Amino acid sequence: MESANQKIDLENTNISLYIKREDLLHPHISGNKIRKLKYNLAQANRENKKTLLTFGGAFSNHILAVAAAGNEQEFKTIGVIRGEELQDKIAENPTLKKAQDFGMVFYFVDREIFREKSSPKFIHQLTEKFGDFYLIPEGGTNNLAVKGCEEILTVNDEKFDYICCAIGTGGTISGLINCSKNSQQVLGFPALKGDFLRQDISKFVSKSNWDLITDYHFGGYAKVSEELILFINEFYEKHKIPLDPIYTGKMMFGLLDLIHKNYFPENSKILVIHTGGLQGVAGINNLLKQKNQLQITIYD
């Protein structure tokens, strides 16, 4: 399973920039999700589990990916969803509607309960409610997910000086760090405010050839601005590569801004990992439309 690297033409710079099109690997389990689920599904089969249970929010890429993967490999799937108010709005939510079409059963909980999703008490309650299941954490990040993400880079990518990716829970960048060459620098662009992800990533890696660029979250997770949406639309118009406003759009905005500010040495070769996330655009557009704000029109 290998994705193609697509060149991004840059003006007035000697920087070489390519984007690895992981978003094209699968129509519903695209980008980093297919990597994260590969070994988790194999483990679920080894344990003879028949049901996958995981967690996510309103437009979660991970929720839809688990539902689609379960449908393909004949697992039952359960999604514990943040926000009780969403249970009456499934038909209006493209992500949840598609996951339901793939057979996923939802369990909606309020935000306070959702914060306890990793507690033994809550997991026990879920077991009593749903029976035996294979647990996949929110975002899919665990040791097996990192193992899958270690397969993103190939020998053909050893020529690059920098590897860049967006960060949600830290699993993808951990895999990239582990399979990178010591001569390469891995840069992560968190979608969330704060620097706390360093500790999470450090649980999975032993190398030091990485750093986080924390200046391009646009206000925090799932926060978007007109400036960002304009950038995403203009980027697609110029390069014919779709980006999402939660992860890849912010990363690419930040990366091009850094290139403009001469952050990278001359003649640097940069590889960007497109981690997918495009399915969530329809839901974000629905919210923007309700607020009478600019939409990501390239997906309409």
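Preceding this paragraph is the structure being described.
Just so you know, these numbers come straight off a predicted model, no measurement behind them.

## Some details on the nonpolar core
One finds Phe-189, Met-252, Leu-255, Phe-264, Ile-270 and Val-272 to be the most contacted residues of the largest nonpolar core, which totals 35 residues. Going through the elements one at a time, strand 2 (16–20), strand 7 (162–167), strand 8 (185–190), helix 9 (226–239), helix 10 (248–260), strand 10 (269–273) and helix 11 (281–290) are the ones with two or more residues in this core. Tallying contributions element by element places helix 10 first for this core, with six residues. Setting aside residues no more than four positions away along its own chain, Ile-270 makes contact with Ile-15, Ser-16, Leu-17, Tyr-18, Phe-160, Tyr-162, Cys-164, Leu-255, Ile-259 and Phe-264. Membership of the second largest hydrophobic core comes to 25 residues, among which are Ile-34, Leu-64, Ala-67 and Ile-81.

## What about the sheet that holds strand 8?
Whenever strands of a sheet pair, they do so through backbone hydrogen bonds, lying parallel or antiparallel. Read across the open sheet, the six strands follow the order 1-2-10-7-8-9; overall the sheet is mixed. Of all strands in the sheet, those with a lone pairing partner are strand 1 (5–8) and strand 9 (210–212), marking the two edges. In this sheet, neighbouring strand axes are inclined to one another by 25° on average, regardless of whether the strands run parallel or antiparallel. In terms of strand pairing, strand 7 meets strand 8 through six bridges, oriented parallel. Its bridge partner lying in strand 8, Tyr-162 is registered against Gln-185. Sheet strands in contact with helix 7 (residues 171–179) are strand 7, strand 8, strand 9 and strand 10, and its direction is about 175° off that of strand 8. Contacts from helix 10 reach strand 2, strand 7, strand 8 and strand 10 within the one sheet, and its direction differs from that of strand 10 by about 165°.

## Let's talk about the packing of aromatic side chains
Summed over the entire model, instances satisfying the criterion amount to 11 aromatic pairs. Relative to Phe-108, the ring of Phe-106 lies with its centre 5.6 Å away and its plane at 55°, an arrangement referred to as tilted. Of the residues examined, Phe-106 reaches a relative accessible area of 15% and is grouped as buried. An angle of 75° between the planes, with centres 4.9 Å apart, marks the rings of Tyr-263 and Phe-264 as edge-to-face. A connected cluster of aromatic rings, assembled from ring pairs, spans Phe-189, Tyr-216, Phe-218, Phe-231, Phe-235 and Phe-253. Here the guanidinium or amino end of Lys-147 rests over the ring plane of Tyr-39, the centre of that ring lying 4.3 Å away.

## With respect to helix 2 (residues 61–73)
The terminal C-alpha atoms of helix 2 lie 18 Å apart, and with 13 residues this matches the ideal 18 Å at 1.5 Å per residue to within 8%. Every buried residue of helix 2 is listed here: Asn-61, His-62, Ile-63, Leu-64, Ala-65, Val-66, Ala-67, Ala-68, Ala-69 and Gly-70. At its buried positions, helix 2 is contacted by helix 1 (32–46), strand 3 (51–56), strand 4 (76–82) and helix 3 (94–101). Of the residues that open helix 2, the one with a side-chain oxygen 3.2 Å from the backbone nitrogen of His-62 is Ser-60. Positive backbone phi, at 65°, marks Glu-74, one or two positions downstream of helix 2.

## Some words on the sheet that holds strand 3
Spatially, four strands are ordered 5-4-3-6 in an open sheet, and the strand pairing comes out parallel. The open sheet is flanked by strand 5 (105–109) and strand 6 (134–135), the only strands paired with a single partner. Here strand 4 runs beside strand 5; their pairing, made up of five bridges, is parallel. Within strand 5, the position partnered with Ile-81 by the bridge is Phe-108.

Rules behind the numbers
- Counting restarts for each chain, with residues numbered from 1 along the sequence as it is written.
- The model is predicted, so local features are restricted to residues of pLDDT at least 70 and side-chain atom pairs to those at 80 or more, both for listing and for counting; the totals for chains, interfaces and linings are taken over all residues.
- Each side-chain value is worked out from all heavy atoms of the structure, with water and hydrogens disregarded.
- Among the buried residues, those of types Ala, Val, Leu, Ile, Met, Phe, Trp, Tyr and Cys that are joined through side-chain atoms within 4.5 Å form a nonpolar core.
- Working definition: with a 1.4 Å probe on protein chains only, accessible area under 20% of the residue-type maximum means buried, over 50% means exposed, and in between means partly exposed.
- Strands are runs of DSSP state E lasting at least 2 residues, helices are runs of H or I lasting at least 4, and numbering of each runs from the N terminus.
- Residue contacts are counted whenever heavy atoms from the two residues lie within 4.5 Å of one another.
- At least two bridges found by DSSP between two strands is the condition for calling them paired.
- Angular values range over 0 to 180 degrees, each being the angle between N-to-C directions of two axes fitted as lines to C-alpha atoms, with helices fitted over their stretch in contact.
- Only Phe, Tyr and Trp rings are paired, with Trp represented by its six-membered ring, and only when their centres lie within 6.5 Å; those with planes under 30 degrees apart are stacked, over 60 edge-to-face, the remainder tilted.
- Charge-over-ring contacts are defined here by two conditions on Lys NZ or Arg CZ: a distance within 6 Å of the ring centre and an angle within 35 degrees of the ring normal.
- A helix is expected to span 1.5 Å for every residue after the first.
- Between N or O atoms, a polar contact is any pair within 3.5 Å; within protein, one atom must be a potential hydrogen donor and the other a potential acceptor, and residues adjacent in sequence are included only when both atoms are from side chains.

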